[in-house]
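Report on the structure
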Amino acid sequence: MKSYKMYINGEWVDAVSGKTMPTYNPSTGEEYGLVPVADKEDVDKAVKAASAALPEWAKKTQQDRAKLIMRLAAQVREHAEELVELEVYEHGTPVMLARGFAMAAADQLEYIASISRGLMGQVLPHSMPNTVGYLKRVPIGVCAVITPWNVPLMMMLSMVGPAAVTGNTCILKPASVNSILGVKFIELMGKAGFPKGVVNLITGPGGSVGDALSTHPGIDMIRFTGASDTGKVILKAASQTAKKCVMELGGNNPVIVCEDANVEKAAKMQAGRHYGNSAQNCSTPGRYYVHEKVYDKFVEVFTEEVKKIKVGLPWEESTGMGPMANKQQLERVNYLINTAKEQGARIVYGGEKPKDAALEKGFFLMPAVIADCTHDMTIAREEIFGPVGVILKFSSEEEVIKLANDSEYGLCAGVWSEDGAKALRMTDDLRVDSVFINMPRMMTSEFPWGGNVKESGVGKSDSVCGMEEFTDLKFICTSYDK
Ligand code: NAD
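All of the points below concern the structure found in this document. (Residues numbered from 1 in each chain as written. Predicted model: local features only at pLDDT ≥ 70, side-chain atom pairs only at ≥ 80, totals over all residues. Heavy atoms only, no water.)

**What to know about the site of the ligand**
- The environment of the ligand is formed by 30 residues, the closest being T147, K173, T230, L249 and E383.
- In the model, an oxygen atom of the ligand is placed 2.5 Å from a nitrogen or oxygen of the E383 side chain.
- A distance of 3.1 Å separates an oxygen atom of the ligand from a polar side-chain atom of W449.
- Elements supplying a minimum of two residues to the shell around the ligand: helix 7 (206-215), strand 11 (221-225) and helix 8 (228-239).
- The biggest single contributor to the shell around the ligand is helix 7, with 5 residues.
- Residues that form the shell around the ligand fall into these classes: 15 nonpolar, 11 polar and 4 charged. (Near = heavy atom within 4 Å. Polar contact = N/O pair within 3.5 Å; in protein donor to acceptor, adjacent residues only side chain to side chain. Helix = DSSP H or I, 4+ residues; strand = E, 2+ residues; numbered from the N terminus. Nonpolar A, V, L, I, M, F, W, Y, C, P; charged D, E, K, R; others polar.)

**Side note on the environment of G193**
- Mapped onto the elements of the fold, G193 is located in the loop between helix 6 (179-192) and strand 10 (199-201).
- Look at G193 and you get partly exposed, because its relative accessible area is 37%. (Buried < 20%, exposed > 50% of the residue type's maximum accessible area, 1.4 Å probe, protein only.)

**A word on the pairing of strand 9 (residues 169-173)**
- With 5 of 5 residues buried, strand 9 lies mostly within the body of the structure.
- Pairing analysis gives 5 bridges linking strand 8 (residues 142-146) to strand 9, with the strands arranged parallel. If you follow I146 over to strand 9, its bridge partner there is K173.
- In this view, the connection linking strand 8 to its parallel neighbour strand 9 by way of helix 5 (residues 152-165) has right-handed handedness.
- Regarding the hand of the β-α-β motif, the stretch spanning strand 9, helix 6 and strand 10 is right-handed. (Pairing = 2+ DSSP bridges. Right-handed = clockwise from strand over helix to strand, strands pointing away.)

**Regarding the pattern of salt bridges**
- Taken as a whole and assessed by the stated rule, the structure comprises 24 salt bridges.
- The shortest N-O distance in the salt bridge between K232 and E455 comes to 2.8 Å. On the criterion of sequence distance, the pair formed by K232 in helix 8 and E455 in the loop between strand 19 (434-437) and strand 20 (457-458) is long-range, its members being 223 residues apart.
- Residue E316 pairs with K310 through a salt bridge whose shortest N-O separation is 4.0 Å.
- Given a relative accessible area of 38%, K310 falls into the partly exposed group.
- Here the residues in one salt-bridge network are E82, K184, E187 and K191, joined through shared partners. (Salt bridge = Lys/Arg side-chain N within 4 Å of Asp/Glu carboxyl O.)

**Here we look at the sheet that holds strand 1 (residues 2-3)**
- Taken in spatial order, the 3 strands line up as 1-5-4 in an open sheet, and their pairing is mixed. Only two strands of the sheet have a single neighbouring strand rather than two, namely strand 1 and strand 4 (20-24).
- Bridging between strand 1 and strand 5 (residues 31-36) involves 2 bridges; their strand directions are parallel. By the bridge assignment, S3 is partnered in strand 5 with L34.
- With respect to the sheet, helix 6 is in contact with strand 4 and strand 5, its orientation differing from that of strand 5 by roughly 60 degrees. (Contact = heavy atoms within 4.5 Å. Axes fitted to C-alpha atoms, helices over the stretch in contact; angles between N-to-C directions.)

**Structural notes on the packing of aromatic side chains**
- For the coordinates displayed, the defined rule picks out 8 aromatic pairs.
- Each ring, one from W57 and one from F194, has its centre 5.8 Å from the other, and the planes form 50 degrees; the classification is tilted. Here the residue W57 occupies a position in helix 1 (residues 40-59), and F194 occupies one in the loop between helix 6 and strand 10, the gap between them amounting to 137 residues.
- Ring geometry for W149 versus F385: centroids 5.5 Å apart, planes at 80 degrees, classification edge-to-face. Of this pair, W149 sits in the loop between strand 8 and helix 5 while F385 sits in the loop between helix 12 (378-381) and strand 17 (388-394), and the two are 236 residues apart along the sequence. (Phe/Tyr/Trp six-rings, centres within 6.5 Å; stacked < 30°, edge-to-face > 60°.)

**Quick look at the sheet that holds strand 16 (residues 368-373)**
- Ordered by their spatial adjacency, 7 strands build an open sheet running 15-16-17-14-13-18-19, and the pairing between neighbours is mixed. Edge positions in the sheet fall to strand 15 (346-349) and strand 19, since each of these pairs with one other strand and no more. Going across the sheet, the axis of each strand differs from the next one's by a mean of 25 degrees, ignoring polarity.
- Note: strand 13 (residues 253-257) against strand 18 (residues 412-416), 3 bridges, orientation parallel. Bridge assignment links V255 to a residue of strand 18, and that residue is G414.
- Each of strand 13, strand 14 (285-291), strand 15, strand 16 and strand 17 is contacted by helix 10 (residues 295-307), which is oriented at about 170 degrees to strand 17, the strand it contacts most.

So, in structure tokens, the structure goes:
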């Protein structure tokens, strides 16, 4: 089994303690590779390296920083197959999907590089004569980037890319379960020519390494994506030194299918999109509220679509859904399915271990459709983060808006209706960051994601808005009086 290293100040290093931990191949349950387990001393070294690199990096022209991000995009294209292999073997992403992720990753980096050159400050009228005041965008400083395991490559680059391009130096702490993807990503940054100390990589468990980052006085900003509960722990830790925190957190996203919806299309498109990446996405619908008049039809068509999904080994070209990314998540989803059964929901399809002997040892689960759920059931209240479609019945617009909003989360929602005015009215009433009408959720680099609704986040990610989060507006005032 191969051992990997961390990247601090432009050098590949072991943890000071010499300790390592394994990552796993979720398709076989076997150990995949070893990464260092950092402690406070390693974190301190990385923070010192990032602090030392900051002044020069921050002073580089925007053009020069953007050029390096373009070179990184080229590296991602050149080494796409290695990234795909890691996505497949360390995360369980079906190979077809992993290829799409690698290309999307390069595209997103090119987008990040290009928009960074259009970031603007502001000039404001001043109340004093012969005085001009302006706001200039400057980097925040040393940024800790803590990423989740669910879409590993995309998550890392969509946080490290905007942080670095705006002149911040970074310390990446990837999710423990797929840290080797983090190693590969940082290796490509090194090859692209980022100066030493601008990006650093620390590996190890979130509880210790993440905490060492969140409390370190040398860190100016935390960019975190992960569970809401973890986010709240980090916010508390980071408050000790008043760090800026931007966080994309959990979701339990409602999708509402009205009686006047194109039900066939809604069921087919939602089912077709739901189970990709084993539904381990923050944007996956957690609750399908379907009007009682079209409920049976929706359940039937949705289920027929789900039956077409081929569960298999992720390195096989025909596989539509691979394993879940880790054992803990599989156990959690099994618990939620069993609880739903006990609480009276109807398992329409799936939810059991596949029968194929080749999948015996991996963290596989057949995609599940669970109908006749009620709003108070555990499976409707909690974020599932696994291949389960939860279907509930409603009878009036007023009722469904109330139910949809009754959640501690507010990430995104969907509405299916052929009545445009009604759909728009519903978007006004839904307390979420994003709403998709007559389409499944579709995130693109150009639009911001997340935001500040309830416990789903603090600040924006992606697009120009997400990039601006990595900058401070510095006020500069000058007199031109004689
Ligand atoms: P997680 O919160 O368990 O872990 C995320 C990261 O935080 C990991 O790197 C982990 O090691 C680290 N961490 C854990 N404890 C920490 C601590 N005390 N201090 C600092 N860091 C710590 O999340 P996960 O299970 O990896 O990811 C799934 C969650 O992420 C889901 O809730 C999902 O909705 C959310 N997510 C949200 C978005 C979004 O855009 N809103 C996108 C992807 C994932």
